[in-house]
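Now for the letters of each chain:
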Amino acid sequence: MSTAWTPAEQPDSFVFDSASEAEIAGVLSKYPEERKASAVMPLLYIAQRQMGRVTGSAWVPVVAMDVIAQRLGMAAMRVYEVASFYTMFNTRPIGRYHLQVCTTTPCWLRGSDDVVEACQKATGIQHFGETSADGLFTMTEVECLGACANAPILQVDDDFYEDMNAERTAQVIAELRAGRRPTPGPMIDRNVSAPEGGRKTLLSSSTADQE
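Predicted, not measured: the structure shown is a model, and the values here were computed from it.

1. A look at the UniProt feature "binding site: [2Fe-2S] cluster" (unreviewed entry) in the chain
Item 1. When the UniProt feature table is mapped onto this chain, "binding site: [2Fe-2S] cluster" (unreviewed entry) is found at Cys-102, Cys-107, Cys-144 and Cys-148. Spanning 47 residues, the annotated positions come together in the fold, the maximum distance between their C-alpha atoms being 9.7 Å. From the list above, the largest pocket is lined by Cys-144.
Item 2. Residue position: Cys-102 is located in strand E1 (residues 97-102).
Item 3. The class of Cys-102 is buried, set by a relative accessible area of 2%.
Item 4. Every residue in contact with Cys-102, bar those within four places of it in the chain, is listed here: Cys-107, Ser-112, Val-142, Glu-143, Cys-144, Leu-145 and Ile-153.
Item 5. Mapped onto the elements of the fold, Cys-144 is located in the loop between strand E2 (137-142) and strand E3 (154-156).
Item 6. Owing to a relative accessible area of 45%, Cys-144 belongs among the partly exposed residues under this scheme.
Item 7. Among all residues touching Cys-144, those that are not within four sequence positions of it are Cys-102 and Thr-104.

Take a look at the structure:
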């Protein structure tokens, strides 16, 4: 099968490994037998993660979609429709690390252009959707990631790196290139989405103290 959304070159076969099968068992246990097609999104994601684990490129080939269709007793076209609609599924091979830059309004106002430029300089990628010459990085433009209080956000695979700027972006990419995955979360001195430096209100430990 060759379409605009998936490459002509495809693997000849796909089999879920033991780690994936363990995940699938847990997923399918949540649905009645007659509703097991509802598990299509989790199974696509499990297949994508397995491809990343085994091949270094987290994507979902057509043969994996066919296996999922058979497993869930649904038409293969229904699986193709889901895989091609949601941007969380990669229907083409990507680099070892997937750099997903949010460029919607909150991140843009907080400097996402600088994050994009830093990604380009550090990887040699010129445009969204490209993979670096060394095969390590693919850069994608994404919509709101739901972490606006910590904008701008750089998502690497499944991890959020928050409060990014050009320097921090370059540092994260350098660590990834060296085979080390930095600790995700805020890149400044704050806990989750609390103010930088710690809490500014409700500092007392008791109501009596506040009074």
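2. Thoughts on the side chain of Thr-138
Item 1. Take Thr-138: it is sitting in strand E2.
Item 2. Relative accessible area serves as the criterion here: at 4%, Thr-138 is assigned to the buried category.
Item 3. A polar side-chain atom of Thr-138 sits 2.6 Å from a polar atom in the side chain of Thr-131.

3. With respect to the layout of surface pockets
Item 1. Quantified by volume, the largest pocket comes out at close to 920 Å³.
Item 2. Forming the walls of the largest pocket are 37 residues, and the residues nearest its centre are Gln-48, Met-88, Asn-90, His-98 and Gln-100.
Item 3. Take the lining of the largest pocket: its biggest share by element is five residues, from helix H2 (residues 40-55).
Item 4. Among the residues making up the lining of the largest pocket, the classes are represented as 14 nonpolar, 14 polar and nine charged.
Item 5. Each of domain 1 (16-83) and domain 2 (95-184) contributes no fewer than three residues to the lining of the largest pocket.

4. Focus: the pattern of salt bridges
Item 1. Counting across every chain of the model gives eleven salt bridges.
Item 2. Taking the shortest distance from any N to any O, the salt bridge between Glu-33 and Lys-36 comes out at 2.9 Å.
Item 3. A relative accessible area of 22% means that Lys-36 is categorised as partly exposed.
Item 4. A salt bridge links Glu-117 to Lys-121; the shortest N-O distance between them is 3.4 Å. You can see Glu-117 and its partner Lys-121 sitting in helix H6 (residues 112-123), four residues apart, about one turn around the helix.
Item 5. The network of salt bridges with shared partners includes Asp-157, Asp-159 and Arg-181.

5. Concerning the side chain of Gln-50
Item 1. Assignment of secondary structure puts Gln-50 in helix H2.
Item 2. In this view, Gln-50 contacts Phe-14, Val-15, Phe-16, Asp-17 and Ser-20; residues no more than four positions away in its chain are not counted.

6. With respect to a nonpolar patch on the surface
Item 1. A contiguous nonpolar patch, built from Phe-85, Tyr-86 and Met-88 and spanning about 330 Å² of accessible area, is present on the exposed surface.
Item 2. Given the relative accessible area of 40%, Met-88 is considered partly exposed.

7. Section: the environment of Ala-166
Item 1. If you trace the backbone, Ala-166 turns up in helix H7 (residues 166-177).
Item 2. Here the alpha-carbon distance between Ala-166 and Glu-117, two residues 49 residues apart in the chain, equals 7.5 Å.
Item 3. Not counting the four nearest positions on each side in its chain, Ala-166 is found in contact with Asp-114 and Ala-118.

Conventions adopted
- Residues numbered from 1 in each chain as written.
- Predicted model: local features only at pLDDT ≥ 70, side-chain atom pairs only at ≥ 80, totals over all residues.
- Heavy atoms only, no water.
- UniProt positions renumbered as here; feature names shortened; annotations may be inferred.
- 1 Å grid on protein atoms, 1.4 Å probe; cavity = no way out; pocket = protein on both sides within 12 Å on 5 of 7 lines; lining within 4 Å.
- Helix = DSSP H or I, 4+ residues; strand = E, 2+ residues; numbered from the N terminus.
- Buried < 20%, exposed > 50% of the residue type's maximum accessible area, 1.4 Å probe, protein only.
- Contact = heavy atoms within 4.5 Å.
- Polar contact = N/O pair within 3.5 Å; in protein donor to acceptor, adjacent residues only side chain to side chain.
- Points joined across faces, edges and corners; volume = space filled by probe spheres on them.
- Nonpolar A, V, L, I, M, F, W, Y, C, P; charged D, E, K, R; others polar.
- Domains from an automatic or database assignment.
- Salt bridge = Lys/Arg side-chain N within 4 Å of Asp/Glu carboxyl O.
- Patch = residues over 30% accessible without salt bridge, like charges linked within 9 Å, V, L, I, M, F, W, Y side chains within 5 Å.
- Areas by Shrake-Rupley, 256 points an atom, 1.4 Å probe, with all protein chains shown as cover.

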